[in-house]
Amino acid sequence: MSSTSPAPLHLAVALDGTGWHPASWREPVARPRDLFTAGYWADLITEAERGLLDFVTLEDDLGPQSSRLLAPDERTDQVRGRLDAVLIASRVAPLTRHIGLVPTVVATHTEPFHISKAIATLDHVSGGRAGVRVRTTFRPDEAAHFGRRTIPQIDGFDGPGAQELITELFDEAADYVEVVRRLWDSWEDDAEIRDAATGRFIDRDKLHYIDFEGRFFSVKGPSITPRPPQGQPLVTALAHRTVPYRLVARRADVGYVTPQDADGARAVVAEIRAEQEAAGRADETLHVFGDLVVLLDDSRAEAEARRDRLDTLAGEPYTSDARIFTGTAAELADLLEEFAEGGLTGFRLRPAVAGHDLPRITRDLVPELQRRRRFRDAYEAGTLRGLLGLARPANRYAAA
Amino acid sequence: MSKPLKQIHLAAHFPGVNNTTVWSDPAAGSHIEFSSFAHFARTAERAKFDFLFLAEGLRLREQGGQIYDLDVVGRPDTFTVLAALAAVTDRLGLTGTINSTFNEPYEVARQFASLDHLSGGRSAWNVVTSWDAFTGENFRRGGFLPQEERYSRAKEFLATAHELFDSWHGDEILADQATGTFLRDARAGAFVHRGQHFDIHGRFNVPRSPQGRPVVFQAGDSEQGREFAASSADAIFSRYSTLKEGQAFYTDVKSRLAAYGRRPDQLLILPAATFVLGDTDQEAAELAREVRRQQVSGATAIKHLEFVWNRDLSAYDPEGPLPDVDPVVAEEHISRGRAQVRMYRDPVAIAREWRQLAEANKWSIRDLVIHTGNRQTFIGSPATVARTINDFVQADASDGFILVPHITPGGLDPFADKVVPLLQEQGVFRADYEGTTLRDHLGLAHPDEARAAERAAS
């Protein structure tokens, strides 16, 4: 055993409807009829804050959920419909004080100018607790909701046509994040001067055109919203293979990855670190979080029985891109420590049933990790960047 | 005289990026921090106002090729602020200006439907249009829209958004845990829209919200704008705040409704209005003069004159006479990103008129701008202001007002504390909210009831 104590882990929770298991809405604790109310989301996020978690992410997309990867379905036995994630985060921000709020945005069909000011405003509204999870969409039916471009139907992610499309959409997402970040910096922190003597409200020399010209779009700037409290809110992305790893390495503060074991974690982290170095960001903190679906109970048998019950209700076994953990909080703590040895700095847990597994995370797992000195006993910083040990970045446009 | 008294509608506009806002006043606070918005919203709700209103900007204003720096600059994102305000208020309507040019119907409909869910039925949309390439430089779609197409796009945008809102009827979510049926109808949210500006189809993913559709406001004043409002809006945010102009506008717009099968009470007319209160009328008048001088500095006066002259006037002394050169009439304008530019349709005639006015009154440039610019709508003691507002509404010059204080965020407080109780005493303003949704406050039918009534009548 090493003589220095291991680093504390970071913990986030990914919220998606009533939970990640498609039959989760049928559990007595699920409250499926409340899904479209503010109270539902406030209750979940305040529960996460009670557990001192670093942040919550909120899933979102530009079409109905589907059991098929790249096309809609017409199922009536699963939750369909959701509210805009940025607005949920903002609605809950005044009701919380410490926890980070990280809504999902789809870069493929939205405007970086709008998203930049929305996330900057979420940062202002929450006092420095905003982040964003950026994703792309490959679904032709979602493109048809906008009608501005068509996206070819692909069967999976492995064919040559698919690879080309993935590369293209991730390059566009990288430009998108670049624009969003430049807009956050387009006002220097002290641009508002309110100089009554000269009548000037701002020092216009401290506002900057970003003049972004890219393959997919161009944006002039500056933002209409002053620089957010964190300077740069947190940028995060989920990644499963090389092209998205590169987006994480080039543009993100936190990447979510889905290894099945510690060796897998080690390999992914090595790949992302190499890309990070290639991108010239070796000296910047980039967290790599492991994603896990979790079913937590007092015994492993109970958790497995619950998974069986949910699978039976769903009519098929639940599968996921992430490893599905069934067991006790102590067993999960063991697994997280093992994964962390592979270089992961934190975890984003996806509760299979939000109403059941989220309180198990906050009331069982967190105390277990605290006993092991791997998790905070109190919130130690006022901003999300602060919780994650990220410095407030200098403004790229400010004269040194 | 047996006609019952009209009930007044009141709303509050968070002061924005123009010289109405006196940012140099020691009482002026942040126009960005959420605490300012929360204070303002709580005051409006304490006063039982119908709604709070936020304007929008998508490009910082420029003049002479530089970012305009004399007024408040910058503002937060409309949707994000409104969603957060839903957490600190219970009844107040939440109205946001959202541009129909640099957005797409699917996304905007999702945002408004989400806001309506998250606020329990309090969302409203002020539909505005834009076409200029200057603003377009911040967006993927660029500045592409010929000016004459902006209303056709806005109309189709709104109609498309309504198709998306209506794609859920409200009874689809069963969420029956025992039988495992979440949706009653597999095609919930299905839509097809094929039009001139939008060709979209698929499934909308936000279930029907408490108000069915957000309340729709419209702000344009052109012939096309008035028709658009008469055909599709629930309320007009107008700019006529004098009695005669107000009555003319009111009569004109309300008379257009019948052509669309609508009754006059289905469209509310709400001008923007400013106010200055004092203990006495005289004290208020003095205060109003002081406020005007704070709003129009020498530098502001020169910049304002440049809107009309369309040329650099920085060499002129604001305390001196008006320029004897004529305005430059050209496509390119020295000022970009501000609506005022379009208000001066014949700048040469205006310059001539202003020169005559200034000479006759011995006004300097600054005096001229102080006197001809937007002055305060209501000036007086609380009793005078309450009476004037009521007279205005009873005389059908409007259905109420959207009040814009000149101080952020506390400027609404004296109105709430001193004028509102007087209106309540007169029985022309609610003592408490009677319903929970914005439609309830405005006396508008829920779209489903409206549809049912239409079906019953036909």
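Residues numbered from 1 in each chain as written. Chains lettered and ligands numbered in written order. Predicted model: local features only at pLDDT ≥ 70, side-chain atom pairs only at ≥ 80, totals over all residues. Heavy atoms only, no water.

### Focus on the overall build of chain B
The secondary structure content of chain B amounts to 16 helices and 17 strands. For a compact globule of 458 residues, the expected C-alpha radius of gyration is about 23 Å, and chain B comes in at 23 Å, within 12% of that figure. Taken across its 458 residues, chain B has 61% of its residues classed as buried. Considering only contacts within chain B whose residues lie at least 6 apart along the sequence, 75% involve residues at least 24 apart. When the accessible surface of chain B is split by element, carbon and sulfur atoms take 49% of a total near 17,900 Å². Computed over 49 positive and 61 negative side-chain charges, the inter-centroid distance for chain B is 2 Å. (Helix = DSSP H or I, 4+ residues; strand = E, 2+ residues; numbered from the N terminus. Rg over C-alpha atoms; globule rule 2.2 N^0.38 Å. Buried < 20%, exposed > 50% of the residue type's maximum accessible area, 1.4 Å probe, protein only. Contact = heavy atoms within 4.5 Å. Areas by Shrake-Rupley, 256 points an atom, 1.4 Å probe, with all protein chains shown as cover. Lys, Arg positive; Asp, Glu negative; His and termini not counted. Charge placed at Lys NZ, Arg CZ, Asp CG, Glu CD.)

### Considering the overall build of chain A
Scanning chain A from N- to C-terminus turns up 11 helices and 13 strands. The dimensions of chain A, computed from C-alpha atoms along their principal axes, are 70 × 55 × 40 Å. Each of the 400 residues in chain A was classed as buried or not, and the buried ones make up 63%. In chain A, of all internal contacts separated by at least 6 residues, the share reaching a separation of at least 24 is 77%. For chain A, the computed accessible surface area is about 14,400 Å², with 49% contributed by carbon and sulfur atoms.

### A short note on the confidence of the model for chain B
Confidence in the prediction of chain B, expressed as mean pLDDT, is 93, and 97% of residues score 70 or more. Predicted as a complex, the structure gets a pTM of 0.97 and an ipTM equal to 0.97. (pLDDT = per-residue confidence, 0-100.)

### Some thoughts on the nonpolar core
Among the nonpolar cores identified, the biggest contains 205 residues, and Phe49 and Phe415 of chain B are the most heavily contacted of them. Looking at this core, the element that brings in the most residues is helix α5 (residues 160–185) of chain A, giving 13 residues. Excluding anything up to four places from it in sequence, phenylalanine 415 of chain B contacts Leu10, Phe49, Phe275, Leu277, Val385, Ile389, Leu403 and Val420 of chain B. Counting 19 residues, the second-largest nonpolar core is a separate cluster that includes Leu305, Phe307, Val308 and Leu368 of chain B. (Core = buried A, V, L, I, M, F, W, Y, C linked by side-chain atoms within 4.5 Å.)

### Some thoughts on the packing of aromatic side chains
A complete count under the given rule lists 29 aromatic pairs over all chains for this structure. With a centroid separation of 5.9 Å and an interplanar angle of 20°, the aromatic rings of phenylalanine 55 of chain A and phenylalanine 289 of chain A are classed as stacked. With phenylalanine 55 of chain A in strand β2 (residues 55–58) and phenylalanine 289 of chain A in strand β11 (residues 287–296), this pair connects stretches of sequence that are 234 residues apart. Take phenylalanine 55 of chain A and phenylalanine 289 of chain A: they sit in the same class, and that class is buried. Note on tyrosine 240 of chain B and phenylalanine 249 of chain B: the rings are 5.2 Å apart at their centroids and 45° apart in plane angle, and the pair reads as tilted. (Phe/Tyr/Trp six-rings, centres within 6.5 Å; stacked < 30°, edge-to-face > 60°.)

### A short note on the UniProt feature "domain: Luciferase-like" (unreviewed entry) in chain A
Residues annotated in UniProt with the feature "domain: Luciferase-like" (unreviewed entry) correspond here to residues 36–313 of chain A. Here residues 36–313 of chain A is 40% helix and 17% strand, with 23 Å between the C-alpha atoms at its ends. (UniProt positions renumbered as here; feature names shortened; annotations may be inferred.)

### Here's the deal with the sheet that holds strand β3 (residues 62–63) of chain B
Residue and element names in this part refer to chain B. Spatially, three strands are ordered β4-β3-β15 in an open sheet, and the strand pairing comes out antiparallel. Among the strands making up the open sheet, the edge pair consists of β4 (66–67) and β15 (335–336). Both β3 and β4 contribute to a ladder of two bridges, which runs antiparallel. Following the sheet pairing, glutamine 63 is matched in β4 by glutamine 66. (Pairing = 2+ DSSP bridges.)

### Looking at the domain arrangement of chain B
Residues and elements named next belong to chain B. Annotation of chain B at the domain level lists domain 1 (9–280 + 376–457) and domain 2 (297–372). A straight line from the C-alpha centre of domain 1 to that of domain 2 covers 32 Å. Contacts between the two partners involve 11 residues from domain 1 and, on the opposite side, 11 residues from domain 2. Both faces combined, the contact of domain 1 with domain 2 buries some 1,200 Å², and carbon together with sulfur accounts for 50% of it. By the criterion of area lost to domain 2, the three top residues of domain 1 are Arg61, Gln63 and Leu70, representing 43% of everything that side buries. In this structure, arginine 336 engages glutamate 62 in a salt bridge whose closest nitrogen and oxygen atoms are separated by 3.6 Å. Grouping the amino acids of the side of domain 1 that touches domain 2 by side-chain chemistry returns four nonpolar, four polar and three charged. (Domains from an automatic or database assignment. Buried area = accessible area lost by both parts, 1.4 Å probe. Salt bridge = Lys/Arg side-chain N within 4 Å of Asp/Glu carboxyl O. Nonpolar A, V, L, I, M, F, W, Y, C, P; charged D, E, K, R; others polar.)

### Description of the environment of isoleucine 370 of chain B
Residue and element names in this part refer to chain B. Considering the arrangement of structural elements, one finds isoleucine 370 in helix α12 (residues 365–372). Note on isoleucine 370: relative accessible area 11%, which makes it buried. Separated by 78 residues in sequence, isoleucine 370 and arginine 292 have C-alpha atoms that sit 6.2 Å apart. When sequence neighbours within four positions are dropped, the list of residues in contact with isoleucine 370 reads Arg292, Arg293 and Val296.

### Notes on the interface of chain A and chain B
Counting residues at the interface gives 80 residues for chain A, matched by 73 residues for chain B. At the boundary of chain A and chain B, one finds seven salt bridges. Close ionic contact of aspartate 77 of chain B with lysine 117 of chain A constitutes a salt bridge, the shortest N to O distance being 2.9 Å. One can count 44 residue pairs in polar contact (both at pLDDT 80 or more) joining chain A with chain B. Of all the secondary structure elements, the ones that give two or more residues to the side of chain A that touches chain B are α2 (85–92), α3 (112–126), α4 (140–146), α5, β5 (192–195), β6 (200–202) and β8 (218–219) of chain A. Sorting elements by how many residues they give to the side of chain A that touches chain B places α3 of chain A first, with nine residues. Here the residues of the side of chain A that touches chain B are counted per class, giving 36 nonpolar, 19 polar and 25 charged. (Polar contact = N/O pair within 3.5 Å; in protein donor to acceptor, adjacent residues only side chain to side chain.)

### With respect to the pairing of strand β6 (residues 123–128) of chain B
Residue and element names in this part refer to chain B. Most of β6 sits out of view: five of its six residues are buried. Where strand β5 (residues 93–99) meets β6, six bridges bridge the pair, whose relative direction is parallel. What sits directly across from leucine 94, in β6, is serine 123. The β-α-β motif built from β5, the intervening helix α3 (residues 105–118) and the parallel element β6 has right-handed crossover chirality. Two elements, β6 and strand β11 (residues 215–218), share four bridges in a ladder whose sense is parallel. When the bridges of β11 are listed, alanine 124 appears paired with valine 215. (Right-handed = clockwise from strand over helix to strand, strands pointing away.)

### Quick word on a negative patch on the surface
Together, Asp279, Glu283, Glu286 and Glu290 of chain B make up a region of like negative charge exposed at the surface. Relative to the assigned elements, glutamate 286 of chain B resides in helix α8 (residues 281–295). (Patch = residues over 30% accessible without salt bridge, like charges linked within 9 Å, V, L, I, M, F, W, Y side chains within 5 Å.)

### As for unusual backbone geometry
Residues glycine 221 of chain A and proline 222 of chain A are joined by a peptide bond in cis, for which omega reads -10°. Relative to the elements of secondary structure, proline 222 of chain A occurs in the loop between β8 and β9 (234–238). In the segment running from threonine 408 of chain B into proline 409 of chain B, the intervening peptide bond is cis, with an omega of -10°. By the element assignment, proline 409 of chain B lies in the loop between β17 (400–403) and α14 (413–425). Not every positive phi belongs to a glycine, and arginine 373 of chain A is a case in point at roughly 60°.

### What about the sheet that holds β5 of chain B?
Residues and elements named next belong to chain B. With parallel pairing, the eight strands of this closed barrel are ordered in space as β1-β2-β5-β6-β11-β12-β13-β17. For this sheet the average axis-to-axis angle between neighbouring strands, irrespective of direction, equals 30°. Relative to β17, strand β13 (residues 268–273) is paired through two bridges, and the arrangement is parallel. For alanine 273, the partnering residue across the bridge sits in β17 and is leucine 403. (Axes fitted to C-alpha atoms, helices over the stretch in contact; angles between N-to-C directions.)

### Looking at helix α1 (residues 38–50) of chain A
Along its 13 residues, α1 of chain A runs 18 Å from first to last C-alpha, staying within 8% of the 18 Å computed at 1.5 Å per residue. Listed as buried for α1 of chain A are Ala38, Tyr40, Trp41, Ala42, Leu44, Ile45, Glu47, Ala48 and Glu49 of chain A. Those residues of α1 of chain A that are buried are in contact with β1 (10–15), β2, α2, β3 (100–106) and α10 (354–371) of chain A together with α3 of chain B. A positive phi of about 65° marks leucine 52 of chain A, the residue just after α1 of chain A. (Expected span 1.5 Å × (residues − 1).)

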